[in-house]
Amino acid sequence: MSRPPHRWKRLVEWVASREAAEFVLGDLEEEFGERVRIHGTDAACAWYRSQVARSLPALAKHRLTSRPRTSSQKGDSVLQALLLDLRQSARSLLKSPGFALLAVSTLALGIGANGSIFSILDAVVLRPLPFPQPERLVLVHNHKLDDPRDRNQVSFPDFRDLAERSTQFSHVAAWEPARPSFTGDDVEPTRLAANSVTASMFDTLSLQLPLGRGFTAEEDAEGASGVAVLSHSFWQQRFAASAEVLGQSLRLNGRPYEVVGVLPASLERSGGGGVLPAARAQLWIPWNSGPSGEVSDMRGVHRARVVARLAADASLEAAQDETRAIASDLASAFPDSNAEQGMWVEPARDSLIRNVRSTLTLLFGAVGLVLLLVCSNVSSLLLGRSVTRQSELAVRSALGAGFGRLFRQLFTESLVLALAGGLAGIAVSWGLLRVALALAPSSIPRLDEAGLQPHVMAYCLGIATASALVFGTAPALRAASKGIGQGLRARAFGERTTLRQSLVVVQVALAVVLMMGAGLLLRSFWTALNVDPGFRDEALFAVSMELDMPYVSPEWPRAVAFYADVAERVRGLPGVVSTASAYRHPLDAGWGTTFRFQGRPEPAPGKEPEARFRPVSPNYFTTTGTALLEGRTIDSRDVATAPGAVVVNESFVQRFFEPDQTVLGERIDYGHWWRAGPDDYEIVGVVENVHFEGRSDAAPRPALYFAHAQQPIVEMNLLVRHSGTLEALLPLVREAIWELEPDMPLDRILPMDALLDRTLAQRRFITTLLTAFAAAALLLSALGTYGMLAFSVQRRTQEIGIRIALGADATSVTRSIVRQGLLLVGLGCAVGVVGAAALSGTLASQLFGIERSDPWTLLGVSALLLTVAFLASWIPAQRAAAIDPARTLRQDA
């Protein structure tokens, strides 16, 4: 051509301003490169000159009439340049729809996964509790001095002493879950979820009731008339949100309770979970009206959950020191009940999320790795695309586009991709969040608040922008730094793919970390799934019942007889195989109790042996399917007036006896609240361990199975083993019980197989999600390997054709390409194993039955990755082996 295009650019810049020239010529550069490719250089230059000539008169007129630019005009120029870059980026991406769709879809996956987990993390961990100054709320636990992690509730006398002596707390309150029976002419007998709270609870939580008031100290005293405060949702459901609810009466546990207030709706977002007054509680009643009202003076009964508010000038450390000193004083004053007992102060929010923090943090870290892998994959795609655009970029450089101009344009394309991926990621996040919430266990507090809030969507767009910096910077720098000579040489002779190979290694390493984590969790879950729970869960259900009687009463024989009659009546129903009753069903650990062995040295105060307290009826072990290992079980001879008998489990024997020591016939001393009960108990049998916490309960705790007749309890479970369907049998069971007690609530039916499955819910949740993330990582790493090798084969077509022409056979070509892929994946595996080992400590709390350095998991992950790498390498290798050398050489000629 007679006149180089860059001279025309200088002419335009001379006629107009530099910014105007950039604005006018920017649209022409990309079209010029496309015309060079299609029509040739001469035709493209002719078109370019004609377009510039058409623009010169308007530009000259603009130059003559323009004035010095103000700051606002400079801002307009920047905005015009930005709009120009965005328009050119969109046009460039639309010309490659397949590339754009793949990149946006990949980004949407990574950003959507991050958004969904972040929304859960935000609702459960990051969001403050819905109380004034929530950071001032703390919980107070009892614990053994030699094991601070063994947190327990506080006895009510200890709670009173703490409230009276503490100067670091402005308010202290106690509460306990309760399930009062709710009866009336227009309702079926049912159990309500309630909280038994002290009157100080309202001030401690700084609750402002929208309707009515809280409890007074007089209403919380023993013998006071019953009052209740309703939850906001129960008020809406039962009383249609009527303001006239105050003064109305509810019949709870057979006595009237006057409604005096309604709780705020915000309280139902507090979470609960046994940490704070439960969000799902339907009403609150005074402490002395609850289940612990008549044992409030017993210092050995630890049932009070204590919440306190730090004083204005108090710190957590000062409150901890003071509480520890109070516990020490109580241990000295009451050695029989308080020896070796300490108190621990913990922020309320920390206690609420203690059991789920590690799970959610692990998942958030996993989706972070997925996002890094996505960025690496998209960066590799951009590098490949920049190579195919070298001619275009070289022409732009020849036309006068400097490094900054090229970099800005290329990075803007990455930003457009990222923002499109962010918008698509919001939609993906919504779908993934629905799936995650469906899989999540109910034990995760405040999970129902998770959703795509505006700040969650802003987070998605924010990480999209950050992702553009990660995956877009290197390709843009690399492409913009290419001069015209480098671009033409790259086009003619191909180029090295070292950076893309490095990205493949990074992708494989990240995939190994995720797959190792998922593999360990899968092995752990499988191990837990195959644990024998110690009973047969199939075709077994429990009916929760509670008689409305005080704890200490002369009516105990009547309670024992009632449950015996219920079991006998239900046993005669069609489809029932056997029945029994028990204070706790097999998947409820219940509460621990201390005891003493006769004939052994008296233990020091606070050092008494402990075991789970489990009164059962005759036929209990036959009904549950728990195997008898030695001696006999509880049977009909173990009545109230008979010598005390107790059955223990394997853990009890292993904990308190030597391997060759005789267990049967040993006697224990155990206190009781019924004067007619035995003074001591003989061990008459040994049964297998039952995993009270479910299959993940690695070390079943010692248990004492007493006869219900000798340790009577009013709250029992009817256990029914059946041969029919649960739906057909339940109406018959309810009818049989209501014939004996018409007002008995029977709304809690507990199928043991469903309960046993629920004990693995949190483990299943994290395992499923992490496995899904690992599968996505495996797919992305395979696509990255395939894409890099396919690109390499495409760029090396001439080289491979010459090699085949010189005598190389298809096998050697295939072997070369596959070897290249396996080498990269092997290097990535090595790096990933080191990374997985460094991060394996974060998994320790989630594993069950295996070590975090499990060799079988390492071998399985490595074998799977190498297999996938072989398949990803095989397709490009076959394509390379099929190259026709004659055709390749003719094309080059």
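Reading the values: rules and limits
- Residues numbered from 1 in each chain as written.
- Predicted model: local features only at pLDDT ≥ 70, side-chain atom pairs only at ≥ 80, totals over all residues.
- Heavy atoms only, no water.
- Helix = DSSP H or I, 4+ residues; strand = E, 2+ residues; numbered from the N terminus.
- Buried < 20%, exposed > 50% of the residue type's maximum accessible area, 1.4 Å probe, protein only.
- Contact = heavy atoms within 4.5 Å.
- Areas by Shrake-Rupley, 256 points an atom, 1.4 Å probe, with all protein chains shown as cover.
- Polar contact = N/O pair within 3.5 Å; in protein donor to acceptor, adjacent residues only side chain to side chain.
- Axes fitted to C-alpha atoms, helices over the stretch in contact; angles between N-to-C directions.
- Parallel < 35°, antiparallel > 145°, perpendicular 65-115°, else oblique.
- Left-handed = near helix turned anticlockwise from the far one by under 90°.
- pLDDT = per-residue confidence, 0-100.
- Nonpolar A, V, L, I, M, F, W, Y, C, P; charged D, E, K, R; others polar.
- Pairing = 2+ DSSP bridges.
- Patch = residues over 30% accessible without salt bridge, like charges linked within 9 Å, V, L, I, M, F, W, Y side chains within 5 Å.
- Salt bridge = Lys/Arg side-chain N within 4 Å of Asp/Glu carboxyl O.
- Phe/Tyr/Trp six-rings, centres within 6.5 Å; stacked < 30°, edge-to-face > 60°.
- Core = buried A, V, L, I, M, F, W, Y, C linked by side-chain atoms within 4.5 Å.

Enquirer: How do you make sense of the overall build of the protein when you look at a structure like this?
Expert: The secondary structure content of the protein amounts to 27 helices and 26 strands. Relative to its 893 residues, the protein shows a buried fraction of 52%. The long-range fraction of contacts in the protein, counting pairs at least 24 apart against all pairs at least 6 apart in sequence, stands at 81%. Working note: accessible area of the protein is about 39,400 Å², and carbon and sulfur atoms make up 57% of it.

Enquirer: Help me understand the side chain of N338 in this model?
Expert: You can see N338 is positioned in helix α10 (residues 335-338). There is a polar contact of 2.7 Å between the side chain of N338 and the side chain of S337. Contact partners of N338, with chain neighbours within four places excluded, come to D158, R299, L330 and A331.

Enquirer: What exactly am I supposed to notice about the packing of helix α6 (residues 156-165) against helix α9 (residues 316-333) here?
Expert: Axes are the key here: two packed helices are described by the angle between their axes and the distance separating the axes. Direction vectors running N to C along α6 and α9 enclose 130°, while the axes themselves pass 11 Å from each other. As summarised for this structure, α6 and α9 are arranged oblique, according to the angle between their axes. As α6 packs across α9, the resulting crossing turns out to be right-handed. Only E322, T323, I326, D329 and L330 of α9 make contact with α6, whose side of the interface consists of D158, D161, L162 and R165.

Enquirer: What am I meant to see in the confidence of the model for the protein here?
Expert: When pLDDT is low, close inspection of the predicted coordinates is not appropriate. Summary statistics for the protein give a mean pLDDT of 81 and a share of 81% for residues scoring 70 or more. Ignoring residues within four places in sequence, the model shows residues 61-76, a span with pLDDT below 50, making nine contacts including any to other chains. Contacts for the low-pLDDT stretch residues 483-496, under 50 throughout, to residues beyond four places or in other chains number 18 contacts.

Enquirer: What is the right way to read the packing of helix α18 (residues 556-571) against helix α21 (residues 726-740) from this model?
Expert: Interaxial distance between α18 and α21 falls to 10 Å at its minimum, and their mutual angle equals 145°. Crossing handedness for the pair α18 and α21: right-handed. Contact residues: α18 offers F562, D565, V566, R569 and V570, while α21 offers V733, A736, I737, E739 and L740. When its residues are assigned to classes, the contact of α18 with α21 shows seven nonpolar, no polar and three charged.

Enquirer: I would appreciate a short explanation of the pairing of strand β1 (residues 137-144) in the present structure.
Expert: The side chains of a regular strand alternate, residue by residue, between the two faces of the sheet. Burial runs high along β1: eight of the eight residues are buried. Of the two faces of β1, the one carrying L137, L139, H141 and H143 and the one carrying V138, V140, N142 and K144 are both buried. Sheet topology places β1 next to strand β13 (residues 302-310); four bridges connect them, and they run antiparallel. Looking at β13, one finds that V138 is bridged to A308. Here seven bridges tie β1 to strand β14 (residues 341-347), and the two strands are oriented antiparallel to one another.

Enquirer: Teacher, can you tell me more about a nonpolar patch on the surface here?
Expert: Taken together, the side chains of L822, L866, F870, L871, W874 and I875 define a hydrophobic patch exposed on the protein surface, amounting to about 510 Å² of accessible area. Among the elements that line the nonpolar patch, the one with the most residues is helix α26 (residues 855-881), at five residues. For L871, the position within the fold is in helix α26. Given a relative accessible area of 52%, L871 falls into the exposed group.

Enquirer: I'm lost on the environment of D161 in this one. Help?
Expert: Mapping D161 onto the fold places it in helix α6. Those residues in contact with D161, other than ones at most four positions away along the chain, are R299, L330 and F334. In terms of polar contacts, D161 uses its side chain to reach the side chain of R299, at 3.0 Å.

Enquirer: What is the right way to look at the environment of T412 in this model?
Expert: Examined against the element boundaries, T412 turns out to sit in helix α14 (residues 403-439). Spatially, the C-alpha atoms of T412 and R87 are 9.8 Å apart, while their sequence positions differ by 325 residues.

Enquirer: How should unusual backbone geometry be read in this particular structure?
Expert: Peptide bonds are mostly trans, and most non-glycine residues show a negative phi. A positive phi angle, close to 65°, is found at E340, a residue other than glycine. When you line up the elements, E340 lands in the loop between α10 and β14. Notably, A539 is not glycine yet its phi reads approximately 55°, a positive angle. Examined against the element boundaries, A539 turns out to sit in the loop between α17 (498-529) and β15 (540-546). What makes A539 partly exposed here is its relative accessible area of 30%.

Enquirer: When you look at the pattern of salt bridges in this model, what are you seeing that I'm missing?
Expert: When charged atoms on two side chains of opposite charge get close, those side chains can pair. In total, this model carries 28 salt bridges according to the counting rule given. One salt bridge connects K144 with E610, and the closest N-O pair in it is separated by 2.9 Å. With K144 in strand β1 and E610 in strand β19 (residues 610-616), the pair connects residues that are 466 residues apart, well separated along the chain. Given a relative accessible area of 19%, K144 falls into the buried group. Judged by relative accessible area, E610 falls into the partly exposed class, the value being 32%. Between R213 and E219 there is a salt bridge, and its shortest N-O distance comes to 2.7 Å. What you see here is one network of salt bridges that share partners, running through R632, D635, R637 and D638.

Enquirer: What should I look at first to understand the side chain of N377 in this one?
Expert: Looking at the element boundaries, N377 is found in helix α12 (residues 357-388). Once residues lying within four places of it in the same chain are set aside, the contact partners of N377 are Q507, L780, L783 and G784.

Enquirer: Looking at this model, I keep getting lost on the packing of aromatic side chains. Mind explaining?
Expert: The relative placement of two aromatic rings is captured by the distance of their centres and the angle of their planes. For the structure shown, the criterion picks out 27 aromatic pairs. A centroid spacing of 5.3 Å and a plane angle of 45° characterise the contact between F156 and F159, whose relative ring orientation is tilted. In this pair, F156 and F159 both sit in helix α6, three residues apart, roughly one turn of the helix. An identical accessibility class is assigned to F156 and F159; each is buried. The interplanar angle of 40° and the centroid separation of 6.1 Å between the aromatic rings of Y620 and Y705 together place this pair among those described as tilted. Here Y620 is found in helix α19 (residues 620-624), whereas its partner Y705 is found in strand β24 (residues 703-707), with 85 residues between them in sequence.

Enquirer: Can you walk me through the nonpolar core in this structure?
Expert: One recurring pattern in soluble globular proteins: nonpolar side chains tend to sit buried together. Of all hydrophobic cores here, the largest spans 110 residues; its most connected members are V124, L207, F215, W284 and F773. At 14 residues, helix α5 (residues 97-126) tops the list of elements feeding residues into this core. Here V124 is in contact with I353, V356, L360, I444, P445, R446 and L447, once residues within four sequence places are set aside.

Enquirer: What is the right way to read the environment of V245 from this model?
Expert: Turning to its location among the elements, V245 is positioned in the loop between α8 (232-239) and β10 (249-252). In this structure, the C-alpha to C-alpha distance between V245 and L230, residues 15 residues apart in sequence, is 9.6 Å. Sequence-distant contacts of V245, that is, excluding residues within four places in its chain, are made with L211, L230, W235, F239, V259 and V262.

Enquirer: Hey, could you run me through the pairing of strand β23 (residues 680-687) in this one?
Expert: Burial within β23 is extensive, with seven of its eight residues counted as buried. One ladder, built from three bridges, connects strand β20 (residues 628-631) with β23; its direction is antiparallel. Each residue of the ladder has a partner; that of L628, found in β23, is V687. Direction of pairing for strand β21 (residues 644-649) relative to β23: parallel, over a ladder of six bridges. The residue bridging V647 from the neighbouring strand is G685, located in β23. Where strand β22 (residues 667-669) and β23 come together, three bridges link them in antiparallel fashion. By the bridge assignment for β23, R667 is matched with E682.

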